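Chain residues, written in single-letter form:
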2 protein chains.
Amino acid sequence: MKMSAGVEWALHCCTVLSTATAPVPAHRLAELHGVSRTYLAKHLQALSKAGLIHAVEGRDGGYELSRPAAEVTVYDVVRAVDGPEAAFRCTEIRQQGPLPATGEACKVPCGIAKVMATAERAWRDSLRGVTIGDLAATVDTNLPGTWDSVRHWLGAGTASEPVR
Amino acid sequence: MKMSAGVEWALHCCTVLSTATAPVPAHRLAELHGVSRTYLAKHLQALSKAGLIHAVEGRDGGYELSRPAAEVTVYDVVRAVDGPEAAFRCTEIRQQGPLPATGEACKVPCGIAKVMATAERAWRDSLRGVTIGDLAATVDTNLPGTWDSVRHWLGAGTASEPVR
Ligand code: FES
Ligand code: FES
């Protein structure tokens, strides 16, 4: 099973945005994470398209979270970047071969597909139970002072570059 | 998030093997599922390599489960075919950029990675809670007579083709 590598960047970016005191330009987010702006742009666009962040225009513009961090779950971010599709995709192989399941039998999902879906629900529920606000708090518990440093570093940036 | 398509085939094959009264040649498993033998071979090899099934040689040979179906979990099969790697892979981006986490801080996993790992554990635990025996029972509850038909069809096969 494989997830888009963008999820790690997106979660880190959202956590930073949740603690920033002003909108953060995309190039500053990229710089802070040591990654190219082009690479990050794609994931920021996905977050923006999902309505989780938005760009504030103008001299002091940049990205900010669209909702309070306590109302953005980790699953919201994962879904925005990695897509809503289930990892296990049933291709109805039970309908193939010399003894195909037909008619009534196919109105309910295959028992195997159901078990796989239940497991993915458990995964989703787990990610829905944690918010970006929780993540930010965890980082600051593990590494006290992190957000102060980040806010200080962000404050030292110039607003002369474009927002996106 | 994406899982190998082989998982669906492997789970269906293991469920069939759990209800068969004799070893099933690979070409009969392929035929029963309406898929090419070459395609299925790869997944059967993965199951075999993981010790979940093994080939019985000889005229009436074929594959059989290596353990009772009640002792093979859905997760065992998923792991054999899809691999043991986590879907979310932390690349330690916290160590990049102008404010890298260093030293002591990096001895514990990043809070974000922990949340992702917890969710995957929930997924695995869910799949570990269901066995191939359970799957076979579910299919027969939803579609009574399925395994009788399958056993009958398998019994009507010839043993003249090679086992693998
Ligand atoms: S037919 Fe798709 S999982 Fe059974
Ligand atoms: S450094 Fe990898 S998830 Fe935070």
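Residues numbered from 1 in each chain as written. Chains lettered and ligands numbered in written order. Predicted model: local features only at pLDDT ≥ 70, side-chain atom pairs only at ≥ 80, totals over all residues. Heavy atoms only, no water.

Taking an unreviewed UniProt entry as the reference, chain A is identified by name as Rrf2 family transcriptional regulator belonging to Aeromicrobium ginsengisoli.

Section: the interface of chain A and chain B
Residue-level contacts link 53 residues of chain A with 53 residues of chain B. Taken together, the two surfaces of chain A and chain B that pack against each other cover about 4,600 Å², and 72% of this comes from carbon and sulfur. It is M1, E8 and I93 of chain A in chain A that bury the most area against chain B; as a group they hold 19% of the surface buried on that side. Among the elements of the structure, α1 (6–19), α2 (26–32), α4 (74–82), α5 (111–128), α6 (132–142) and α7 (146–155) of chain A are those that each provide at least two residues to the side of chain A that touches chain B. A per-element tally of the side of chain A that touches chain B places α5 of chain A first, with 12 residues. (Contact = heavy atoms within 4.5 Å. Buried area = accessible area lost by both parts, 1.4 Å probe. Helix = DSSP H or I, 4+ residues; strand = E, 2+ residues; numbered from the N terminus.)

Observations concerning the relation of the copies chain A and chain B
Screw-axis analysis of chain A against chain B gives a translation of 0.0 Å along the axis, an RMSD of 0.0 Å, and a rotation angle of 180 degrees. What the superposition gives is, in effect, a two-fold axis relating one chain to the other. With an isologous cut-off of 70% or more, the 100% of interface residues of chain A that recur at the interface of chain B puts this contact in the isologous class. (Least-squares fit on C-alpha atoms with pLDDT ≥ 70 in both.)

Section: the packing of aromatic side chains
Residue and element names in this part refer to chain A. For the structure on display, the rule yields four aromatic pairs over all chains. With centroids separated by 6.1 Å and ring planes inclined at 90 degrees, the aromatic side chains of Y75 and W123 adopt a geometry described as edge-to-face. On the criterion of sequence distance, the pair formed by Y75 in helix α4 and W123 in helix α5 is long-range, its members being 48 residues apart. Here the two residues Y75 and W123 agree in accessibility, since each one is buried. Here R28 stacks its cationic end above the ring of W153, 3.8 Å away from the centre of that ring. (Phe/Tyr/Trp six-rings, centres within 6.5 Å; stacked < 30°, edge-to-face > 60°. Buried < 20%, exposed > 50% of the residue type's maximum accessible area, 1.4 Å probe, protein only. Lys NZ or Arg CZ within 6 Å of the ring centre and 35° of its normal.)

Section: the packing of α1 of chain A against helix α3 (residues 37–49) of chain A
All names here are of chain A. Interaxial distance between α1 and α3 falls to 10 Å at its minimum, and their mutual angle equals 70 degrees. As the angle between them shows, α1 and α3 are arranged roughly perpendicular. Here the hand of the crossing between α1 and α3 comes out right-handed. Residues G6, W9, A10, C13 and C14 of α1 form the contact with α3, whose own contacting residues are Y39, L40, H43, L44 and L47. Here the contact of α1 with α3 is built from residues that sort into eight nonpolar, two polar and no charged. (Axes fitted to C-alpha atoms, helices over the stretch in contact; angles between N-to-C directions. Parallel < 35°, antiparallel > 145°, perpendicular 65-115°, else oblique. Left-handed = near helix turned anticlockwise from the far one by under 90°. Nonpolar A, V, L, I, M, F, W, Y, C, P; charged D, E, K, R; others polar.)

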